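Inside the fold
Spelled out from the first residue to the last, the chains are:
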Amino acid sequence: MEAHELTHAQPLDRIAGEPLLPAIARRLIDLVVLSPLLIAVAIAIRLDSRGPALFRQRRVGYGEREFTIFKFRSMRSDADPGGHRDYVTALIKGKAANGGKENLYKLAVDDRITPVGRRIRRWSLDELPQLFNVVSGDMALVGPRPAIPYEVAEYPSWYLDRFAVKPGLTGLWQVSGRNERTYEEMVRLDIEYAERRSLLLDLSILARTPFTVLARRGAA
C-alpha cells in the first residue's frame with residue numbers, strides 16, 4: 001500500500017488513535033503534570049546564556065506544509081545555521097561529513113551548543129515544548145522527525161513519502177538507533193512507519209521511547 005494512500009485512510013481528526021477532544025485533553029494534562037520540569041529547564045537555560053528559553057523554527061510536516069516548531073533553546077542565540085545546513089546537505093547527497101562519520105546525523109562537535117543545551121539534548125528535554133505542537137494539531141506523539149525546509153530542498157522525490165503522516169515527538173527512527181543511523185536509513189524508517197502506521201505500532205514506539213532516552217541510545 002502506498003504511504004499516501006494509507007495516510008488518507010486515517011481519520012484526520014484523531015491523534016495517536018484517539019478522538020480529537022480526548023486527545024487534546026490528555027495532552028493538556030501532560031503539560032500540567034510536566035509544568036514544574038518545563039519551568040525548571042526554562043530557568044536553567046536563561047541562567048546559562050543570553051536569549052529566550054524557547055526556540056522557534058519553521059519545519060516541514062504533513063503534506064509538505066510548513067509550521068512553527070517549539071523547542072527549548074540549546075544553542076547560543078546568535079548561532080549560525082550555515083554549518084548545519086552544509087553538513088546535512090552533504091549527508092543527503094551521500095557525501096562524507098563530520099570527519100567521515102556519515103552515520104551521525106548531528107554534528108558530533110558543535111560549538112554552538114551551550115552547556116545546559118548539551119545536557120537537555122542528552123536527555124531529549126529540549127523536545128518537550130513540542131507538546132504544544134501536538135495540542136495544536138501540527139504534530140502527533142508518534143511520527144517522522146519534522147524536517148527543516150533547507151533539508152527538503154535537497155530531497156530526491158521518494159523522500160517526500162515521509163510527509164504522508166504528521167511528524168511526531170518520537171518515532172520508529174528514534175527508537176531504532178537514532179543518530180547511529182544514516183540519513184537515508186532515517187528516511188526509510190519514516191516511510192516504513194507511514195506504511196505500517198497503526199495504534200498498536202504507536203503504542204509500541206511510545207513504550208520503547210523512555211528506555212531509549214534513559215539509555216541515551218544514539219543521543220547526540
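Residues numbered from 1 in each chain as written. Predicted model: local features only at pLDDT ≥ 70, side-chain atom pairs only at ≥ 80, totals over all residues. Heavy atoms only, no water.

Further remarks concern the overall build of the chain. Within the chain one finds eight helices and six strands. When the 220 residues of the chain are sorted by exposure, 45% land in the buried category. Considering only contacts in the chain between residues 6 or more positions apart, those separated by 24 or more positions represent 70%. (Helix = DSSP H or I, 4+ residues; strand = E, 2+ residues; numbered from the N terminus. Buried < 20%, exposed > 50% of the residue type's maximum accessible area, 1.4 Å probe, protein only. Contact = heavy atoms within 4.5 Å.)

When helix α4 (residues 115-122) is considered as a whole, its buried residues turn out to be Val 116, Gly 117, Ile 120 and Arg 121. All buried residues of α4 fall inside an arc of 135 degrees around its axis, so they share one side. Ser 124, located one to two residues past α4, shows a positive phi value of around 60 degrees. (Arc of directions from axis to C-beta.)

Among the nonpolar cores identified, the biggest contains 30 residues, and Tyr 155, Tyr 183, Tyr 193 and Ile 205 are the most heavily contacted of them. Only β4 (66-72), α3 (82-92), α5 (130-136), β5 (140-142), α7 (183-196) and α8 (199-215) provide two or more residues apiece to this core. Among the elements that take part in this core, α7 stands out by supplying seven residues, more than any other. Ranked by size, the runner-up nonpolar core spans eight residues in total, among them Ile 45, Ala 53, Phe 72 and Val 116. (Core = buried A, V, L, I, M, F, W, Y, C linked by side-chain atoms within 4.5 Å.)

We now examine the environment of Gly 177. The residue Gly 177 is located in the loop between β6 (168-170) and α7 in this model. The exposure class of Gly 177 is buried, given its relative accessible area of 2%. In sequence terms Gly 177 and Thr 212 are 35 residues apart; their C-alpha atoms lie 8.6 Å from each other.

We now examine the environment of Gly 117. Tracing the backbone through its elements, the reader meets Gly 117 in helix α4. Of the residues examined, Gly 117 reaches a relative accessible area of 1% and is grouped as buried.

It is worth spelling out unusual backbone geometry at this point. Excluding glycine, residues mostly have negative phi values, and the peptide bonds linking residues are mostly trans. Despite not being glycine, Glu 64 has its phi angle at roughly 65 degrees, a positive value. Assignment of secondary structure puts Glu 64 in the loop between β3 (54-60) and β4. Judged by its relative accessible area of 43%, Glu 64 falls in the partly exposed class. Of note in this structure, Ser 124 is not a glycine but carries a positive phi near 60 degrees. Inspection of the secondary structure assignment puts Ser 124 in the loop between α4 and α5.

Mean pLDDT for the chain: 81, with 75% of residues reaching 70 or above. Ranking the elements of the chain by mean pLDDT puts helix α1 (residues 3-9) last, at 41, and β4 first, at 96. The model gives residues 1-16 a pLDDT under 50, and that stretch makes 29 contacts with residues more than four places away or in other chains. Note that pLDDT drops below 50 for residues 99-104; the model gives that stretch 15 contacts with residues more than four away or on any other chain. (pLDDT = per-residue confidence, 0-100.)

Before going further, it helps to examine the packing of aromatic side chains. Going through the model one piece at a time under the given rule, you end up with five aromatic pairs. With a centroid separation of 4.6 Å and 85 degrees between ring planes, the pair formed by Trp 158 and Tyr 159 is classed as edge-to-face. Three or more aromatic residues joined by ring pairs form one cluster here, namely Tyr 155, Trp 158, Tyr 159, Phe 163 and Tyr 183. The cationic tip of Arg 85 hangs over the ring face of Tyr 150; the distance from NZ or CZ to the ring centre is 4.9 Å. (Phe/Tyr/Trp six-rings, centres within 6.5 Å; stacked < 30°, edge-to-face > 60°. Lys NZ or Arg CZ within 6 Å of the ring centre and 35° of its normal.)

The next subject is α8. Helix length check: α8 (17 residues) gives 25 Å between terminal C-alpha atoms against 24 Å at 1.5 Å per residue, within 8%. Residue Arg 208 marks the point of greatest curvature in α8, where the axis turns by about 30 degrees; the proline Pro 210 follows within four residues. Considering only its buried residues, α8 is in contact with β5, β6 and α7. (Expected span 1.5 Å × (residues − 1). Bend = angle between axes of the 7 residues up to and from the residue.)

It is worth spelling out the pairing of β4 at this point. With seven bridges connecting them, β3 and β4 associate as antiparallel partners. Note on β4: the bridge partner recorded for Leu 54 is Phe 72. The antiparallel pairing of β3 with β4 creates a hairpin that spans five residues between the two strands, and Gly 63 there sits at a positive phi of about 65 degrees. (Pairing = 2+ DSSP bridges.)

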